[in-house]
Amino acid sequence: MKRPSLLPLLLGLLIGELHAEIAMPAFFHDHAILQRDRPLPIWGSAQPGETVEVSLGASSATTTAGADGRWRVTLAAQPSSTQPLVLTAKGTTTLTRSDILLGDVWLCSGQSNMSMGMSGFSKIPEYPADVQAAEQPFIRQFGAKDVSATEVQSDIQGSWAVANAKTIGGFSAVAYHFARSLHAQTGVPIGILRAAKGSTAIELWLSREAILATPGMKPLADKITKAFAEWEKAERQPPHPFSESSTFRPRCTTRFNSMIAPFAGMALRGIVWYQAEGNSLNPPLIAAYPTAKRTLIDSWRRLFADEALPFLYVQLPNYGTPSDDPAVIENWALMRESQSRCLDITNTHMAVTIDIGQADDIHPTNKYDVGERLAALAAHHVYGKQEVVPGGPMFKGMTIAGGQATITFSGMAGGLMVGHKEGRGPATAQAHGKLQRFAIAGQDRKWVWADAVITGDAVVVSSPQVPVPVAVRYAFAANPAGANLYNRGGLPASPFRTDDWVK
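Residues numbered from 1 in each chain as written. Predicted model: local features only at pLDDT ≥ 70, side-chain atom pairs only at ≥ 80, totals over all residues. Heavy atoms only, no water.

## Topic: the environment of Ala 261
Point 1. Residue placement: Ala 261 occurs in the loop between α7 (254-260) and β11 (270-274).
Point 2. Using a relative accessible area of 0% as the deciding quantity, one classes Ala 261 as buried.
Point 3. C-alpha separation for the pair Ala 261 and Ile 156, spaced 105 residues apart in sequence, amounts to 9.1 Å. (Helix = DSSP H or I, 4+ residues; strand = E, 2+ residues; numbered from the N terminus. Buried < 20%, exposed > 50% of the residue type's maximum accessible area, 1.4 Å probe, protein only.)

## Notes on the sheet that holds strand β20 (residues 451-455)
Point 1. The 4 strands lie next to each other as β14-β15-β21-β20, forming an open sheet whose pairing is antiparallel. Edge positions in the sheet fall to β14 (394-401) and β20, since each of these pairs with one other strand and no more. Averaged over all pairs of adjacent strands, the angle between their axes in this sheet comes to 25°, without regard to strand direction. (Pairing = 2+ DSSP bridges. Axes fitted to C-alpha atoms, helices over the stretch in contact; angles between N-to-C directions.)

## What to know about the packing of aromatic side chains
Point 1. For the structure on display, the rule yields 22 aromatic pairs.
Point 2. Geometrically, the ring pair formed by Phe 438 and Tyr 474 is tilted, given 4.6 Å between the ring centres and 35° between the ring planes. You can see Phe 438 sitting in strand β18 (residues 438-441) and its partner Tyr 474 sitting in strand β22 (residues 471-474), a full 36 residues away along the chain.
Point 3. In this structure, Arg 269 is placed above the aromatic ring of Tyr 383, and the distance from its NZ or CZ to the ring centre is 5.6 Å.
Point 4. Over the face of the ring belonging to Tyr 313 we find Lys 293, whose NZ or CZ atom lies 3.1 Å from the ring centre. (Phe/Tyr/Trp six-rings, centres within 6.5 Å; stacked < 30°, edge-to-face > 60°. Lys NZ or Arg CZ within 6 Å of the ring centre and 35° of its normal.)

## A word on the side chain of Ser 246
Point 1. Within the secondary structure, Ser 246 sits in the loop between α6 (218-233) and α7.
Point 2. Among the polar contacts made by the side chain of Ser 246, one reaches the main-chain carbonyl oxygen of Pro 239 at a distance of 3.4 Å.
Point 3. In contact with Ser 246, not counting residues within four places along its chain, are Pro 239, His 240 and Pro 241. (Polar contact = N/O pair within 3.5 Å; in protein donor to acceptor, adjacent residues only side chain to side chain. Contact = heavy atoms within 4.5 Å.)

## Notes on the pattern of salt bridges
Close approach of charged atoms allows side chains of opposite charge to pair.
Point 1. For the structure on display, the rule yields 20 salt bridges.
Point 2. One salt bridge in this structure joins Arg 251 and Glu 203, with 3.6 Å as the shortest N-O distance. Taken together, the residues span a long stretch of sequence, with Arg 251 in the loop between α6 and α7 and Glu 203 in the loop between β10 (190-196) and α5 (208-212) at a distance of 48 residues.
Point 3. When the shortest N-O distance is used, the salt bridge between Glu 337 and Arg 497 registers 2.8 Å. Highlighted residues: Glu 337 in helix α9 (residues 331-341) and Arg 497 in strand β24 (residues 496-497), separated in sequence by 160 residues. As far as burial versus exposure is concerned, Glu 337 and Arg 497 are alike and both buried.
Point 4. Ionic contacts of the salt-bridge type, sharing partners, join the residues Glu 337, Arg 341, Arg 473, Arg 497 and Asp 499 into one network. (Salt bridge = Lys/Arg side-chain N within 4 Å of Asp/Glu carboxyl O.)

Laid out in structure tokens, this is it:
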């Protein structure tokens, strides 16, 4: 079934209240970074029928505001510019935006681990040095206001900030470290659109239309349909079905309406996503996550008119009390597995963080390495820097012979190693180290800790307690403390299992 496009509808809603003077959304403002090398849509409002000329750098375009006062132009693509430009919209009045750069714009969204600002980590030892090094005029953030809406919004409050010692505290920590590393590798100005909110499930970031059009999301779609039917039956007297206080409220759409829809049609370089904690509460939610995420990615790509828009995301880190039981299955580990399955979606790339979380904090303080790993993904897959190692080992296959299971991997980057990582330092090879957190089982499905040895480009797993193995797991727990398989590029292997005994 062909899914309806939201782009024409949303572009028609992008300016709500008409103004006598020319107006543009808040994100077309002083200090903005706008997308280089691509046709650049700019929109706003004016008096109905008014002729509007928009110019930026060497590009300009003229249009006429419609009967509703809305106007939109698309400026010709221009190369990266670190020299400040002026964006002007001129009609009977003139609106001027100064200090505009052309670079790459990344929408950074998700829940609390994306929204938390640098100042939230001011007590870590590295923070003073981060502040001292924050004079980064070519890294800028538009901080979208944290709002929730029951209907699609045309604009969102917020402002652009240039990274420096005074402003850095308000930057998303993950997004800032991502932008800092990516700018250092490319020299291109990096603009961050921070639109994230803590404690949000993925369904809150989906549009109503996308949910209703996705067969795999039928249970939620049915709830939406029922909620609206009950609301209509009550003659719309109770609050709107998506309002916070409504008894009919489905668990969806409000963050999309308020924090994503206003950017519809904007030219982007890619999306960075850090969210899954809010969907890890129970197995049904976890099992549904890949469908919800595919729906989000597909619908957002249509929203931004780019079917191949790169989508980078973070796999959940180690968290919780470590278990010594090799048979334990926890929701957090199952969610990581669901996240891995999302790699089947075209042009998606996952940053593994199994070694940089914290047992006692769902908001681990090491956002530096999260940003570095996301930047490595972008540098390799988006910017074509093949010399950059994009990620760690990923399970490829298993063969069993002679009482041993041989595991092969992709993403080895020069080979496998037993590694150890401390803080922000690089992972180092442990010449005499032993691989930890491999478990093995036979047909009886009784799991035991296994001996695991790196042999060439594979890991050979065995146990005298399991003479005929049939399945292997690695680091498949909420907090697999001690998991230490890395590639020679210093990046950790993603947890995996070869069985499907627990759904």
